[in-house]
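An overview of the molecular structure
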Amino acid sequence: MSTPDLNLLVTLDVLLAEGSVARAARRLRLSPSAMSRALARLRETMGDPLLVRAGRGLVPTPRAIELRERVSQLVQDGKAVLRPTETLNLKQLDRTFTLRTSEGFVENFGAELIARVGEEAPGTRLCFVQKPDKDSTALRDGIVDLETGVVGKTTAQELRVQTLFRDRFIGVVRMGHPFSQGEISPSRFAAGRHIGVSRRGLGEGPIDEALKPLGLGRQIVTIVGGFSTALALARASDLIATVPERHTGNLRAGMHSFPLPVTIPEVTVSLLWHPRLDADPAHRWLRGHVRDVCAVFR
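This report concerns the structure included in the present document. (Residues numbered from 1 in each chain as written. Predicted model: local features only at pLDDT ≥ 70, side-chain atom pairs only at ≥ 80, totals over all residues. Heavy atoms only, no water.)

**A short note on the sheet that holds strand β6 (residues 160-167)**
Formally: Two strands are counted as paired when DSSP detects at least two bridges linking them. By the criteria applied, helices consist of DSSP H or I runs no shorter than four residues and strands consist of E runs no shorter than two, each listed in order from the N terminus. Axis lines are fitted to C-alpha atoms, over the contacting stretch for helices. Their N-to-C directions set the angle, which ranges from 0 to 180 degrees.
Strand order in the open sheet formed by five strands is β4-β3-β5-β12-β6, with mixed pairing between adjacent strands. At either margin of the open sheet sits one strand with a lone partner, and together these are β4 (124-130) and β6. Between one strand axis and the next, the sheet turns by 20 degrees as a mean value, whatever way the strands run. Relative to strand β12 (residues 267-273), β6 runs antiparallel, the two sharing seven bridges. Residue pairing in the sheet places Phe165 in a bridge with Val269 of β12.

Right, here's the structure in full:
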């Protein structure tokens, strides 16, 4: 039996990640015809079509889906083996780390993290990008180095996860709002005019589920996509925002906060990264600073 061409693993990894011959060719800086020939070799070698035509695009076969994560890990492990051992010199480190963070992280933890990183490694830059969803593709493809947020059912199982802190939801209104005085009972809370927060535009959430057994329901006047927008509206009106306490500490300055009159589950905010970066000295150093900064604000 002839020895297989292990370079095909890299090609297969990119093809399965992109799901397109043209995009895979651009990523590997090959011509579309060269990539088509590589796909033909993979099909012959593996005895499976791997990617098949569906309308105007390509879809993976069951065999390709089965191999996707395994091939990706093999390629990353191979790169780690061939990478020279580095002695981390923070003063000479010239690197940009991309962090995809949940809303409020930069406003509350960003300044301290930037200061700590800049003091030890002045050539290091932190690039914070928004987190519109829980898709793990950016971490898997190396576009993002670190991510913060709540682990969900769609979070890729191969990711490394470490708990940063737990957060609870609270109510927030402008100073001088009627809710800034007196006890906030469930009925009083439900009778207010509320701001719903949902990236998908959903009208109800855990708070509404907690109110239903009491025979109560909120009047949601408007729905916004993020907590900072909800707080801006609450600051300028008589509307009530419900936001995570720790993630919005700085954003709530000058506003009145109060405990919710119903019990809803706390959320666990975690740090996520791809296992290929587990042993990277610079990445490990940055992860330590993220954990330390979040611990300071506990």
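**Considerations on empty space enclosed by the protein**
Formally: Computed over the protein atoms alone on a 1 Å grid, cavities are sets of points where a 1.4 Å probe fits but cannot get out and pockets are open sets with protein on both sides within 12 Å along at least five of seven lines; a residue lines them when it has an atom within 4 Å of a point. Grid points are joined across faces, edges and corners, and a volume is the space filled by probe spheres set on the points. Polar here means any residue other than Ala, Val, Leu, Ile, Met, Phe, Trp, Tyr, Cys and Pro, which are nonpolar, and Asp, Glu, Lys and Arg, which are charged; Gly is therefore polar.
Across all of its chains, the model carries one cavity of 30 Å³ or more by this definition. A volume near 40 Å³ is recorded for the largest cavity. Every residue lining the largest cavity is listed: Lys131, Lys134, Glu147, Gly149, Val150, Val151, Thr155 and Leu272. Classifying every residue of the lining of the largest cavity gives three nonpolar, two polar and three charged.

**Some remarks on the side chain of Thr155**
Our working rule: Working definition: with a 1.4 Å probe on protein chains only, accessible area under 20% of the residue-type maximum means buried, over 50% means exposed, and in between means partly exposed. Residues adjacent in sequence count toward polar contacts only when both atoms are side-chain atoms; beyond that, a polar contact is any pair of N or O atoms within 3.5 Å, and within protein one must be able to donate a hydrogen and the other to accept it. Any two residues having at least one pair of non-hydrogen atoms within 4.5 Å are treated as being in contact.
Position of Thr155 among the secondary structure elements: in the loop between β5 (146-149) and β6. Residue class for Thr155 comes out buried when judged on its relative accessible area of 12%. Looking at Thr155, its side chain comes within polar contact range of the main-chain nitrogen of Gly152, at 3.0 Å. Among residues more than four places away in sequence, those in contact with Thr155 are Ser136 and Leu272.

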